Amino acid sequence: MRRSTIFAFGGALAAWIIAVVGIAVADRVVRRSNLNDLRGYLAHTVAATAANIDGDDQLRFTRPEQDTTDEYRRASRPLRALLENDPDIHFAYTGVTTGTRMHFVMDGTPVDARSVSGALQHAHPMEGDSATPGEIEVTRTRRVTVEQEPSATAWGSGIRAQAPIFDRRGDMAGYVGVTMSADRYYERIHRTDAAAALGALVAGMLACVAGLLLSRSQRAREDADLRRAESEKALAAESARSRLFLRNASDGVHILNDDAHVVEASDSFCRMLGLLREEVIGLHPSQWDAQRSSSDLTQLMAAVSAGEVHRFETRHRRKDGTTFDVEVQIDTFEVGGRRYRYCSARDISELKSVQRALLDSTDREQTRLGYDLHEGLGQDLTGIAMLASALAAAEKRAGGASADELAKLERLARGAISTCRGVAHGLSPLTYTEGGLAAALGELVAGQQDGFGVPIRFAARGEPRQLSREANAQLYRIAQEAIANARRHARANSVDVSLDVDAGAVTLRIEDDGVGLPVAVSPGMGLRIMRFRAALIGAQISIERGKTGGAVVICRCDEVL
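Please read all numbers here as calculations on a predicted model, not as lab measurements. (Residues numbered from 1 in each chain as written. Predicted model: local features only at pLDDT ≥ 70, side-chain atom pairs only at ≥ 80, totals over all residues. Heavy atoms only, no water.)

The helix and strand tally for the chain stands at 15 helices and 17 strands. Going through the 561 residues of the chain one by one, you find that 39% of them count as buried. Within the chain, counting contacts between residues at least 6 apart in sequence, those at least 24 apart form 59% of the total. (Helix = DSSP H or I, 4+ residues; strand = E, 2+ residues; numbered from the N terminus. Buried < 20%, exposed > 50% of the residue type's maximum accessible area, 1.4 Å probe, protein only. Contact = heavy atoms within 4.5 Å.)

The sheet built from 5 strands is open, its strands ordered S9-S8-S12-S11-S10 with antiparallel pairing. Each of the sheet's edge strands pairs with one partner strand only, and the pair in question is strand S9 (262-265) and strand S10 (310-317). In this sheet, neighbouring strand axes are inclined to one another by 30 degrees on average, regardless of whether the strands run parallel or antiparallel. In terms of strand pairing, strand S11 (residues 323-335) meets strand S12 (residues 338-347) through 10 bridges, oriented antiparallel. Within S12, the position partnered with valine 326 by the bridge is aspartate 347. Helix H10 (residues 294-305) rests against strand S8 (252-256), S10, S11 and S12 of the sheet, and its axis sits at about 40 degrees to S11. (Pairing = 2+ DSSP bridges. Axes fitted to C-alpha atoms, helices over the stretch in contact; angles between N-to-C directions.)

The full count for this structure, using the stated rule, is 5 aromatic pairs. Relative to tryptophan 288, the ring of phenylalanine 269 lies with its centre 5.3 Å away and its plane at 75 degrees, an arrangement referred to as edge-to-face. Taken together, the residues phenylalanine 269 in helix H8 (residues 267-273) and tryptophan 288 in the loop between helix H9 (277-280) and H10 connect sequence positions 19 residues apart. By the burial criterion, phenylalanine 269 is buried, and tryptophan 288 matches it. Ring centres of phenylalanine 333 and tyrosine 340 lie 5.7 Å apart, and the angle between their planes is 20 degrees; this geometry places the pair in the stacked category. (Phe/Tyr/Trp six-rings, centres within 6.5 Å; stacked < 30°, edge-to-face > 60°.)

The next thing to look at is the pattern of salt bridges. Evaluation of the coordinates by the stated rule reveals 23 salt bridges. Aspartate 70 is paired through a salt bridge with arginine 73; the nearest N and O atoms lie 2.2 Å apart. A residue pair is termed a helical-turn pair when its members lie 3 or 4 positions apart in one helix, as aspartate 70 and arginine 73 do in helix H3 (residues 70-75) at 3 residues. (Salt bridge = Lys/Arg side-chain N within 4 Å of Asp/Glu carboxyl O.)

Moving on: the environment of glycine 170. Among the secondary structure elements, glycine 170 is positioned in the loop between strand S6 (156-166) and strand S7 (172-181). A residue is classified by how much of its surface remains accessible, and glycine 170, at 5% relative accessible area, is buried. In this structure the C-alpha to C-alpha distance between glycine 170 and arginine 487, which are 317 residues apart in sequence, comes to 9.6 Å. Setting aside chain neighbours within four positions, we find glycine 170 in contact with Arg142 and Arg488.

Moving on to the pairing of S12. The sheet contact formed by S8 and S12 spans 5 bridges and is antiparallel. Considered in S12, the bridge of glycine 252 is made with alanine 345. Two successive antiparallel strands, S11 and S12, enclose a turn made up of 2 residues, where glycine 336 displays a positive phi of approximately 60 degrees.

Once that is clear, we can look at the confidence of the model for the chain. Looking at the chain, pLDDT values average 79 and 80% of them are 70 or higher. Element-level mean pLDDT values for the chain span from 63 in helix H7 (residues 221-247) up to 94 in strand S4 (residues 145-146). (pLDDT = per-residue confidence, 0-100.)

So, on to H10. Here H10 spans 16 Å end to end across 12 residues, near enough to the 16 Å set by a 1.5 Å rise per residue. The secondary structure elements touched by the buried residues of H10 are S8, S10, S11 and S12. (Expected span 1.5 Å × (residues − 1).)

Turning our eyes to something else, we now look at the sheet that holds strand S14 (residues 495-501). If you trace the 5 strands from one edge of the open sheet to the other, you get S13-S14-S15-S17-S16, paired in mixed fashion. Here the strands that pair on one side only, and so sit at the sheet edges, are strand S13 (456-461) and strand S16 (540-545). Averaged over neighbouring strand pairs, the angle between their axes works out to 10 degrees when direction is ignored. The sheet contact formed by S13 and S14 spans 6 bridges and is parallel. Note that in S14 the partner of alanine 459 across the bridge is serine 498.

Side chains of Leu13, Trp16, Ile17, Val21, Val25 and Val29 sit close together on the surface and give an oily, nonpolar patch of about 520 Å² of accessible area. Among the structural elements, isoleucine 17 can be located in helix H1 (residues 2-51). Its relative accessible area of 42% is what places isoleucine 17 among the partly exposed residues. (Patch = residues over 30% accessible without salt bridge, like charges linked within 9 Å, V, L, I, M, F, W, Y side chains within 5 Å. Areas by Shrake-Rupley, 256 points an atom, 1.4 Å probe, with all protein chains shown as cover.)

Let us now look at the nonpolar core. Counting 32 residues, the largest nonpolar core has Leu441, Leu475, Leu508 and Ile510 as its most contacted members. The set of elements that each furnish at least two residues to this core consists of helix H13 (436-452), helix H14 (469-490), S14, strand S15 (506-512), helix H15 (525-536) and strand S17 (551-557). Among the elements that make up this core, the one with the highest residue count is H14 (8 residues). Look past the residues within four positions of leucine 475 in its chain and what remains in contact with it is Leu437, Leu467, Val506, Leu508, Ile537, Cys555 and Cys557. Within the second largest apolar cluster, 27 residues are counted, among which are Leu82, Ala92, Ala182 and Tyr185. (Core = buried A, V, L, I, M, F, W, Y, C linked by side-chain atoms within 4.5 Å.)

Right, dumping it as structure tokens:
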């Protein structure tokens, strides 16, 4: 009897240890998920802010006295807006780093803002400080960097991120630094830890009860059957609680079996799709994914089965046919020897809307500035050139000594006119190019030919078709970014740009024979911006390695008017 009791309580102890380990793993997964959410949000925020800052402005602020100028206030407006709109963000600045020292360029913190200790928080241009590891890393890698874990600050726990800022030539002009409060993250972690501790305590209590029941069950078969029934009932209740947790998850959680069909879904996911739970169960992702084909999804599921954790953006389709942007994370797990896929979909429509607004604002500002240069300053310079010409002619007829100087003034004015028009064309190329997208791309290639150092060719095929103004602008910027990438990184011997028009689509293709895309490295900001621009006009874009080396960018736009 004593031995059976020992075995019974030994088994209960093993079950409790397994339960504790399972709870600890779940706790770690939740902690990591919360941290990834915090880091992902901060990365999106700092990248969007960096994209909205003109890199050439960074090169202008080199003196402390520029801190209060109108030019400084205009350039630092995105930093101030970030601090005003997000109370969790405590610092937003731009800077440059050399070695282990950094220098502030712009600071969004108000000039009179003070910390809890009473110290002024605002930093003027070129104020120096010790560089953080993240500032050193973003300067070295030119990619967005986010701290792995929050750290303690004077005002509480915080987490930092930096994103590179590029000038019009594609050179890194500095970086945006953002420090965000991590208090909400720690609040969620504390609640998670409390729940895990409570779960471990309950599991221990259940294990003790189970051991006592098992020891007593040895006395009679009837008692064993009764205890077994009670244990099965407890497991069923626990399963029901687990399903309740899943059903009430805030993100669109759905579980797929090995054939990629839904076996369980949260209520939030059903609401996302506008379907009842009974309608969602059994569906395949191809029945709601509005962006990826069935073959793409099959390849994705195969990669997940190989042990990779995937996080990607796509569009989901509701029951009424409308679509919305989501970020999806997929992972695999096994239960009872069967493999499942845990999928979590988060609606990022609002974030996409903000990103699009930022990009539209930048494009509008470029167009306005180009117009002001072309129609304002350009016309003024033209008037100066004409006046100088007339004065030079009159002075020459009168035999005056200043005729040559006036002629020189005319030549300088006309050179300034040419420069002004070139800048205006670069800011808004489609506005000042006759012939539409094909002509603008031809001028872009011709302009790049001299400075590239390698052959770059352009070909347009098919009948010209009319695209929307936005589609023309985004396709042009995609081509501009792809050529810039080939120029900066590919070390190519040649680049080919083509624009093909068929019955219902326009296809833009940029191919180089350089070193190709890096392997096992996250895409840079340029590639992300190209994908984002394509998504704005509903175009399909692929960015991949060429069959014989180099990189190939293909963007197909079906919205032909």
